[in-house]
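Letter by letter, the chains look like this.
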Amino acid sequence: TQLLEQSPQFLSIQEGENLTVYCNSSSVFSSLQWYRQEPGEGPVLLVTVVTGGEVKKLKRLTFQFGDARKDSSLHITAAQPGDTGLYLCAGGNTGKLIFGQGTTLQVKP
Amino acid sequence: DAGVIQSPRHEVTEMGQEVTLRCKPISGHDYLFWYRQTMMRGLELLIYFNNNVPIDDSGMPEDRFSAKMPNASFSTLKIQPSEPRDSAVYFCASSLAPAKNIQYFGAGTRLSVL
């Protein structure tokens, strides 16, 4: 059974701080996605990484795919209250996505 | 495009009643997914379709759950009879091959079974 473990589960920080969220698995994935979900809405795709070692940047967000394609990280620089939400990683292989449990981020002004 | 559309947004029902959740995928998308999200179990895949054909229903919890996709623009998830443990948010998502791992989610249906 493929599993994705995210850490930490909860994170509460002050505006302006940096943070990193981790997504780990013992399985290899052909691609890995990061989604953000706000209350009352569905997850929204932030990024897809497909190559081992790949790094993608989206404004203040930096995503990295591990060399062995088993893990990923999301780093947010100078967090803003608008970054508050549930961050989900999801690994894909055969058309199915396996989701991590999510990291709930709260950024206080 | 309007995105993935789900209805109703909220459903409150009593134990034993039949519940039908509806989904309209993004036009042209050929994959459709049904998920369930709870605090305890997170986001779980229930079933997915490719070109209206069910491909993998291994996530469907039990025979009380059934899903259909009669055409490319409509799918239903039915629970009969419903139980309190079915209370959750149910999401529908669609994607376009070959980027089938890039899924677009609807806003979800929050189901409460009393």
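See the structure printed just above.
What counts, and where the lines are drawn
Residues numbered from 1 in each chain as written. Chains lettered and ligands numbered in written order. Predicted model: local features only at pLDDT ≥ 70, side-chain atom pairs only at ≥ 80, totals over all residues. Heavy atoms only, no water. Helix = DSSP H or I, 4+ residues; strand = E, 2+ residues; numbered from the N terminus. Rg over C-alpha atoms; globule rule 2.2 N^0.38 Å. Contact = heavy atoms within 4.5 Å. Areas by Shrake-Rupley, 256 points an atom, 1.4 Å probe, with all protein chains shown as cover. Lys, Arg positive; Asp, Glu negative; His and termini not counted. Charge placed at Lys NZ, Arg CZ, Asp CG, Glu CD. Phe/Tyr/Trp six-rings, centres within 6.5 Å; stacked < 30°, edge-to-face > 60°. Pairing = 2+ DSSP bridges. Axes fitted to C-alpha atoms, helices over the stretch in contact; angles between N-to-C directions. Buried area = accessible area lost by both parts, 1.4 Å probe. Salt bridge = Lys/Arg side-chain N within 4 Å of Asp/Glu carboxyl O. Polar contact = N/O pair within 3.5 Å; in protein donor to acceptor, adjacent residues only side chain to side chain. Nonpolar A, V, L, I, M, F, W, Y, C, P; charged D, E, K, R; others polar.

**So, the overall build of chain A**
Along chain A, the regular secondary structure elements total zero helices and 11 strands. Shown N-terminal to C-terminal, the secondary structure of chain A runs as helices and strands in the order β-β-β-β-β-β-β-β-β-β-β. For chain A, whose C-alpha radius of gyration is 13 Å, the value lies close to the compact-globule estimate of 13 Å for 109 residues. Each principal axis of the C-alpha distribution contributes one length, and for chain A these read about 40 × 30 × 20 Å. A sequence separation of at least 24 residues applies to 53% of the contacts in chain A between residues at least 6 apart. As displayed, chain A has an accessible area near 5200 Å², and 50% of this comes from carbon and sulfur atoms. Considering chain A, the positive charge centre built from 9 side chains and the negative charge centre built from 9 side chains are found 5 Å apart.

**A word on the packing of aromatic side chains**
Under the counting rule described, the total for this entry stands at 11 aromatic pairs over all chains. Taken together, the aromatic side chains of A:Tyr35, A:Phe99, B:Tyr31, B:Phe33, B:Tyr35, B:Tyr48, B:Phe91 and B:Phe105 make up a single cluster linked through ring pairs.

**Side note on the sheet that holds strand β8 (residues 71-76) of chain A**
All names here are of chain A. Taken together, five strands build an open sheet; the order of strands is β1-β3-β8-β7-β6 and the sheet is antiparallel. Each edge of the sheet is formed by a strand with only one pairing partner; in this case those strands are β1 (5-7) and β6 (55-58). Between one strand axis and the next, the sheet turns through 15° on average, direction left out of account. Inspection of the sheet shows strand β3 (residues 19-24) paired to β8 by six bridges, in the antiparallel sense. For tyrosine 22, the partnering residue across the bridge sits in β8 and is serine 73.

**Some points on the interface of chain A and chain B**
Listed as interface residues are 21 residues of chain A and, on the opposing side, 21 residues of chain B. Together, the buried faces of chain A and chain B total about 1500 Å²; carbon and sulfur atoms form 51% of this surface. For the pair chain A and chain B, the interface holds one salt bridge. A:Lys96 serves as the salt-bridge partner of B:Asp56, at 2.9 Å between the closest nitrogen and oxygen. At the junction of chain A and chain B, the tally comes to five residue pairs in polar contact (both at pLDDT 80 or more). Taken together, the elements giving at least two residues each to the side of chain A that touches chain B come down to β4 (31-37), β5 (44-49), β9 (85-92) and β10 (97-99) of chain A. Residue contributions to the side of chain A that touches chain B peak at four residues, all from β4(A). Its residues assigned to classes, the side of chain A that touches chain B comprises seven nonpolar, 12 polar and two charged.

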